[in-house]
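# Report on the structure
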Amino acid sequence: MREGHAMERSDLAGYAATSAGSKGRRYQEEFRDNRPAFERDRDRIIHCAAFRRLEYKTQVFVNHEGDYYRTRLTHSLEVAQIGKGIARRLGLNEELTEALALAHDLGHTPFGHTGEEVLNRLMEGCGGFEHNLQSLRVVDELEERHPHFNGLNLSWEVREGIVKHSSQYDAPAASIYQEFLPGIVPSIEAQLINFADEIAYNNHDIDDGLKSGYINLNQLKKVELWHEVHEGILAKYPGIDVDRGICQTVSALIGVLINDLVNTTADNLRTLKIETLEDLKRVNLPVVAFSPAMADRNAQLKRFLFQNLYRHYKVERMRVKAERYLAELFEMYIKHPTLLPMKHQVKMERDGRERVICDYIAGMTDRFALDEFKRLFEPYERV
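Not measured: the values here are computed from a predicted model. In this numbering scheme, every chain counts its residues from 1 along its sequence in written order. Owing to the predicted nature of the model, reporting of local features is limited to residues with pLDDT of at least 70; listing and counting of side-chain atom pairs is limited to 80 or more, with chain, interface and lining totals taken over all residues. Water and hydrogen atoms were dropped before computing side-chain values, which therefore reflect all heavy atoms in the structure.

With that out of the way, let us pick up the packing of aromatic side chains. A pair of aromatic rings is counted whenever rings of Phe, Tyr or Trp (Trp by its six-membered ring) have centres within 6.5 Å, and the orientation is called stacked for planes under 30 degrees apart, edge-to-face for over 60 and tilted otherwise. Considering all chains together, one arrives at eight aromatic pairs under this definition. Taking 5.3 Å as the distance between ring centres and 85° as the angle between the ring planes, the aromatic pair formed by Phe195 and Phe290 counts as edge-to-face. Taken together, the positions of Phe195 in helix α8 (residues 188–212) and Phe290 in the loop between α12 (277–283) and α13 (292–310) put the pair 95 residues apart, joining distant regions of the chain. Pair check on accessibility: Phe195 and Phe290 agree, each one buried. Relative to Phe377, the ring of Phe373 lies with its centre 4.7 Å away and its plane at 35°, an arrangement referred to as tilted. Taken as a pair, Phe373 and Phe377 lie in helix α18 (residues 366–377) at a separation of four residues, close to a single helical turn. The structure contains a cluster of three or more aromatic residues connected by ring pairs, namely Phe111, Tyr325, Phe373 and Phe377. Whether a charge lies above a ring is judged from NZ of Lys or CZ of Arg, which has to be within 6 Å of the ring centre and within 35 degrees of the ring normal. Here the basic side chain of Lys23 rests over the ring of Trp156, its NZ or CZ set 5.1 Å away from the ring centre. Secondary structure elements follow DSSP: runs of H or I of four or more residues count as helices, runs of E of two or more count as strands, with numbering from the N terminus. Type-normalised accessible area, obtained with a 1.4 Å probe on protein chains alone, sets the label of each residue: buried when under 20%, exposed when over 50%, and partly exposed for intermediate values.

Quick look at the structure:
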């Protein structure tokens, strides 16, 4: 059965990506139903093992520190929700946006960006490690579901968006894969995921940081954007309790950022006369953006979080421990590769010892990495 291009929404803007216009998949398949291509991609991502493991992968707080705090899974869901809202207001393809949001962290390591930094250092001379490329590796190679090929066989547009995803932590990696047109801007849906990602993690990190006590409302008064929105909430709801006031402020702040992003992006599309995908490629400039004023205020918020939350001494202590856990696991597997499950050992001849070990560690949850460390290094722990 063919994919159901006719089932796609008919009210998409001319510059939106469409399933009918997709560059297709790496492998031909016989489909069981006629869903549109990007809807099928979204569903495949939701059902894959790497997506389920995000439940126990860290944002800022390690899994065992409490059930309240965000994980990579809840973060991905928040990015999807924010991204879909932006996409709808701009007439973009919501299914592609959702697929990209749900896939953007599939390659993340345990212990957040610390894990990425450790693996990149340990893989020096062996191709390094970058989580966007690892996300592509997950959906192209590491997921094993189909009887005839590895990977999820996602559409070219989803795979391009994964590779070209970038944030303050990531280096654009499109030049590594000539398949994805290096130097050419990705779809507008892919561009907006960068901002949905940032909006989500800035605001939920504030929420988690306040809940943990690592930051407080007095400190946040110095952040112009937060202070303005919070004061507005207090004026609108006199006598509101602290926790509800925080929840309402976070929600309102997300709305302020989304409105600015949508309005600025719409202005950019008009100014650049972008009405079709061909226009976007011709102009070849990023079009999704905050206004200059909002970009400055958002940058102040990010600086505050970096200085006061991400470098809080308790977060730093966990970061140092995480570096030790992952480095010692990697070195032990290098010396004794037979410690890995057999399904991973058999891949070494094809992919190399270091890359297979890197894949194995990158796929671990925080909880599994801690348990594996105990199994290998604590003499009385059961193996």
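Only residues above 30% relative accessible area that lack a salt bridge enter a patch, with like-charged residues linked at up to 9 Å and the nonpolar side chains Val, Leu, Ile, Met, Phe, Trp and Tyr linked at up to 5 Å. Residue-level accessible areas treat just the shown protein chains as cover; the underlying method is Shrake-Rupley with a 1.4 Å probe. Note on definitions: salt bridges are taken to be side-chain nitrogens of Lys or Arg within 4 Å of carboxyl oxygens of Asp or Glu. Note on charges: Lys and Arg go in the positive column, Asp and Glu in the negative column, and His and the chain ends are not counted at all. Here the site of a charge means atom NZ of a Lys, CZ of an Arg, CG of an Asp or CD of a Glu. Positive charge collects at one region of the surface, where Arg52, Arg53, Arg145 and Lys343 lie side by side. Take Arg53: it is sitting in helix α2 (residues 49–53).

Quick look at the nonpolar core now. The nonpolar side chains of soluble globular proteins are, as a tendency, buried together. Here the nonpolar core consists of buried residues drawn from Ala, Val, Leu, Ile, Met, Phe, Trp, Tyr and Cys, with membership extended through side-chain atoms lying within 4.5 Å. Counting 78 residues, the largest nonpolar core has Ile45, Leu106, Val158 and Trp226 as its most contacted members. Ranked by the residues each element gives to this core, the list is headed by α8, at 11 residues. Judged by nonpolar contacts, the second largest core, of 24 residues, contains Phe129, Leu329, Leu340 and Tyr360.

Now for helix α7 (residues 156–163). Along α7, eight of the eight residues are buried, which leaves the element largely enclosed by surrounding structure. Trp156, Glu157, Val158, Arg159, Glu160, Gly161, Ile162 and Val163 are the residues of α7 that are buried. Any pair of residues with heavy atoms lying within 4.5 Å of one another is described as a contacting pair. Where α7 is buried, its residues touch α1 (37–46), α4 (94–103), α6 (131–142), α8 and α12.

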